Amino acid sequence: MKNRLKVLRAERDWSQADLADRLEVSRQTINALETGKYDPSLPLAFKIARLFGQPIEAIFDDGEA
Amino acid sequence: MNNRSPAGRRYLKRFIPAMIVYVISIFGASYGFKLFDLTGPVAWAVAIAPALPILAVIAIMGLYIKEETDEFQRNVLVESMLWGFGITLAITTVWGFLEMYVHTPGLQSFWAFPIFCAAMGLAQPFVRRRYR
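Residues numbered from 1 in each chain as written. Chains lettered and ligands numbered in written order. Predicted model: local features only at pLDDT ≥ 70, side-chain atom pairs only at ≥ 80, totals over all residues.

S.K.: Honestly, the overall build of chain A in this entry has me stumped. Any pointers?
M.R.: Broken down by element type, chain A carries five helices and two strands. Expressed as lengths along the three principal axes of its C-alpha atoms, the size of chain A is roughly 30 × 20 × 20 Å. Counting over 65 residues, chain A shows a buried share of 18%. By sequence separation, contacts in chain A at least 24 residues apart represent 53% of the contacts at least 6 residues apart. (Helix = DSSP H or I, 4+ residues; strand = E, 2+ residues; numbered from the N terminus. Buried ≥ 20, exposed ≤ 12 C-beta atoms within 10 Å, placed from the backbone. Contact = placed C-beta atoms within 7 Å.)

S.K.: Honestly, the overall build of chain B in this entry has me stumped. Any pointers?
M.R.: Scanning chain B from N- to C-terminus turns up five helices and zero strands. Start at the N end of chain B and walk to the C end: the helices and strands fall as α-α-α-α-α. Oriented by its inertia axes, the alpha-carbon framework of chain B measures out at about 55 × 40 × 15 Å. Taking all 132 residues of chain B together, the buried fraction comes to 13%. Intrachain contacts of chain B at a sequence separation of at least 6 include 70% that bridge at least 24 residues.

S.K.: I tried to follow helix 5 (residues 112-129) of chain B on my own but got confused; where do I start?
M.R.: It helps to recall that an α-helix has 3.6 residues per turn; residues three or four apart then point in one direction. All names here are of chain B. Helix length check: helix 5 (18 residues) gives 26 Å between terminal C-alpha atoms against 26 Å at 1.5 Å per residue, within 8%. The sharpest bend along helix 5 comes to roughly 30 degrees, located at Ala123, with the proline Pro125 sitting one to four residues further on. Buried within helix 5 we find Phe116, Ala119 and Met120. Its buried side turned inward, helix 5 meets helix 4 (71-102). (Expected span 1.5 Å × (residues − 1). Bend = angle between axes of the 7 residues up to and from the residue.)

S.K.: Sorry, what's going on with the interface of chain B and chain A here?
M.R.: Reports of interface size often rely on the accessible area that becomes lost once the parts have come together. Opposite the 11 residues of chain B that make contact, chain A presents 12 residues. Partitioned by chemical class, the residues of the side of chain B that touches chain A number two nonpolar, four polar and five charged. (Nonpolar A, V, L, I, M, F, W, Y, C, P; charged D, E, K, R; others polar.)

S.K.: Just to check I follow, could you spell out the nonpolar core for this structure?
M.R.: Within soluble globular proteins, side chains that are nonpolar generally end up buried alongside one another. Leu5, Leu19, Val25, Ile30, Ala32, Leu33 and Tyr38 of chain A together with Phe72, Val76 and Leu77 of chain B together form the largest nonpolar core, which totals 10 residues. Not counting chain neighbours up to four residues away, the residues in contact with Leu33 of chain A comprise Asn3, Leu5, Tyr38 and Pro40 of chain A. (Core = buried A, V, L, I, M, F, W, Y, C linked by C-beta atoms within 7 Å.)

S.K.: Would you mind showing me how to read the domain arrangement of chain B here?
M.R.: All names here are of chain B. Assigned domains of chain B: these are domain 1 (1-69) and domain 2 (70-132). Here domain 1 and domain 2 have C-alpha centroids that lie 19 Å from each other. On the domain 2 side, the residues contacting the seven residues of domain 1 number six residues. Residues of the side of domain 1 that touches domain 2, tallied by class, amount to three nonpolar, three polar and one charged. (Domains from an automatic or database assignment.)

S.K.: Which parts of the structure should I look at to understand the packing of helix 1 (residues 6-35) of chain B against helix 3 (residues 51-67) of chain B?
M.R.: The angle between the axes and the distance between the axes are what describe a pair of packed helices. Residues and elements named next belong to chain B. Taken N-terminus to C-terminus, the directions of helix 1 and helix 3 make an angle of 175 degrees; their axes are 9 Å apart at the nearest point. It follows from the interaxial angle that helix 1 and helix 3 lie roughly antiparallel. Across from Ala7, Arg10, Tyr11, Arg14, Phe15, Ala18, Val21, Tyr22 and Ser25 in helix 1, the residues of helix 3 making contact are Pro53, Ile54, Ala56, Val57, Ile60, Tyr64 and Glu67. A breakdown of the residues in the contact of helix 1 with helix 3 according to their chemical character gives 12 nonpolar, one polar and three charged. (Axes fitted to C-alpha atoms, helices over the stretch in contact; angles between N-to-C directions. Parallel < 35°, antiparallel > 145°, perpendicular 65-115°, else oblique.)

Here is the structure:
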């Protein structure tokens, strides 16, 4: 699924490792999310949305809307 | 396995002692049967001894999956395990029919677990590559 994680991360000047620490996941997980090859579970998607202070649908795009 | 997560570290803390017990018990059982004429319940107990740490390792793998909080790492491991199960079932099925009809040498069933581990280990980098 397409997402704006890389952009949101860059805006805050965070490395993949910084974001990984904040979400309590590994750096490989951030990479898999950013490439859009791995879709997060709903709990992780909420955690990401809360961290960036944006609704889930502003970060992830399932191509349907 | 993600060795940097708390669950990964707990996995190693459980796995290493289990493997040490395994090595000791397999040497113990081999020498036991070589040096003594073991029969009856004692023979059964000594023969089963090396299997017990392997049963523990199966449980330890299950605990890791239960305890790993990084869902992507858990997902990679579960997918790798499915490859491991599939490859193990494929090898033992083909081997079994060869054994039955053309009498190839028998594959002792304890090999199922090492085959599973090897297949799972080999599958992991390929599973990871799909998410890069």
